[in-house]
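Observations on chain architecture
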Amino acid sequence: MTDSPGHSRPDDGADHDGDEASLRPGPLWRHTLWVVGVTLVGVCLAWAAASYRFGPDEFGMPLATEGHVRPYLAAWTATGLAAAAALRAVAARVPLDGPEVVVLVITFMGTRVSLGWRPDPAVVAAMAAAALVAALIWCALALRRGRRRRPVAPGEREAG
C-alpha cells in the first residue's frame, strides 16, 4: 500500500536500512531501560565468566578469588551506568556506531579483570576513569561527526 503525497509518515530519525549508526529517539523510560539492561548484561556476563572456566586453569585470566565480590560488582555497575547514560544521550541526538558494544566491553573487561586480580580501590578507580574517558571520547567523536553532517536549512547559511 502506498501513502498519498499529502499524508507522509513522520520520520523519527531512525535509519531503517539496517544501518548500525542511527538515531535512537524515544521516551525516557526506554533510554533508562536500555542503560540498565546493557550494563547489567555486561556485569553479569563477566561475573559468570569469572565463576567458571571451560579450559585448563593454566590459560587465561584467573577465576574469581575467594572474598567479597560486591564492591567490585557495584563499582563496575556504576561505571557502566555512567558510560551507558552518556552514550545513550549522544545516540539520541546524533547517529552513533555501536553504543551497546562499547558499554558491554567496558563493563565486561573491567568487572572480569577486577574479579580475577582484586586490585586496590585506587586501581579500580583508575580503571573506571579510563573506561569513562574511552566512552566520552566515543561520544565526542560521534558529536563531531554529527555536527559536520548536519543538514543546512533552506534559508540558513553554511558555517565555514
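This is a predicted model, so every value here is computed, not measured.

**Quick notes on the overall build of the protein chain**
Assigned secondary structure in the protein chain consists of 4 helices and 0 strands. Beginning at the N terminus, the succession of helices and strands in the protein chain can be written as α-α-α-α. Out of the 160 residues belonging to the protein chain, those deemed buried represent 31%. Taking the contacts inside the protein chain whose residues are at least 6 apart along the sequence as the reference set, 78% of them involve residues at least 24 apart.

**Brief notes about the side chain of Arg 118**
By the element assignment, Arg 118 lies in the loop between helix 3 (99–117) and helix 4 (121–148). Buried within the structure, Arg 118 lacks any salt-bridge partner; Glu 66 is the closest side chain of opposite charge, at an N-O distance of 7.5 Å. Among the polar contacts listed, one links the side chain of Arg 118 to the backbone oxygen of His 68, at a separation of 3.0 Å. Setting aside anything within four residues of it in sequence, one finds Arg 118 in contact with Ala 64, Thr 65, Glu 66, Gly 67, His 68, Val 69, Tyr 72 and Val 113.

**Describing helix 3**
Under the 1.5 Å per step criterion, the end-to-end length of helix 3 is 27 Å for 19 residues, consistent within 8% with the ideal 27 Å. Among the residues of helix 3, those classed as buried are Pro 99, Val 102, Val 103, Ile 106, Thr 107, Gly 110, Thr 111, Arg 112, Ser 114, Leu 115 and Gly 116. Elements that come into contact with the buried residues of helix 3 comprise helix 1 (28–51), helix 2 (70–91) and helix 4. Positive phi shows up at Arg 118, right after helix 3, with a value of about 50 degrees.

**A word on the nonpolar core**
Within the largest apolar cluster, 26 residues are counted, with the highest numbers of intra-cluster contacts made by Leu 87 and Ile 106. Going through the elements one at a time, helix 1, helix 2, helix 3 and helix 4 are the ones with two or more residues in this core.

**Concerning the packing of helix 1 against helix 3**
Contact geometry for helix 1 and helix 3: axes closest at 8 Å, N-to-C directions at 35 degrees. Classified by chirality, the crossing of helix 3 by helix 1 is right-handed. Only Pro 99, Glu 100, Val 103, Leu 104, Thr 107, Phe 108, Thr 111, Arg 112 and Leu 115 of helix 3 make contact with helix 1, whose side of the interface consists of Trp 34, Val 38, Thr 39, Val 41, Gly 42, Val 43, Leu 45, Ala 46, Trp 47, Ala 49 and Ala 50. A per-class count over the contact of helix 1 with helix 3 returns 14 nonpolar, 4 polar and 2 charged.

**A short note on the side chain of Thr 107**
When you line up the elements, Thr 107 lands in helix 3. Residue classification places Thr 107 among the buried positions, given a relative accessible area of 0%. Within polar-contact distance, the side chain of Thr 107 engages the backbone oxygen of Leu 104 at 3.4 Å. With residues near it in sequence (within four places) discarded, Thr 107 still touches Thr 39, Gly 42, Val 43, Ala 46, Trp 76 and Gly 80.

Rules used throughout
- Residues numbered from 1 in each chain as written.
- Predicted model: local features only at pLDDT ≥ 70, side-chain atom pairs only at ≥ 80, totals over all residues.
- Heavy atoms only, no water.
- Helix = DSSP H or I, 4+ residues; strand = E, 2+ residues; numbered from the N terminus.
- Buried < 20%, exposed > 50% of the residue type's maximum accessible area, 1.4 Å probe, protein only.
- Contact = heavy atoms within 4.5 Å.
- Lys, Arg positive; Asp, Glu negative; His and termini not counted.
- Salt bridge = Lys/Arg side-chain N within 4 Å of Asp/Glu carboxyl O.
- Polar contact = N/O pair within 3.5 Å; in protein donor to acceptor, adjacent residues only side chain to side chain.
- Expected span 1.5 Å × (residues − 1).
- Core = buried A, V, L, I, M, F, W, Y, C linked by side-chain atoms within 4.5 Å.
- Axes fitted to C-alpha atoms, helices over the stretch in contact; angles between N-to-C directions.
- Left-handed = near helix turned anticlockwise from the far one by under 90°.
- Nonpolar A, V, L, I, M, F, W, Y, C, P; charged D, E, K, R; others polar.

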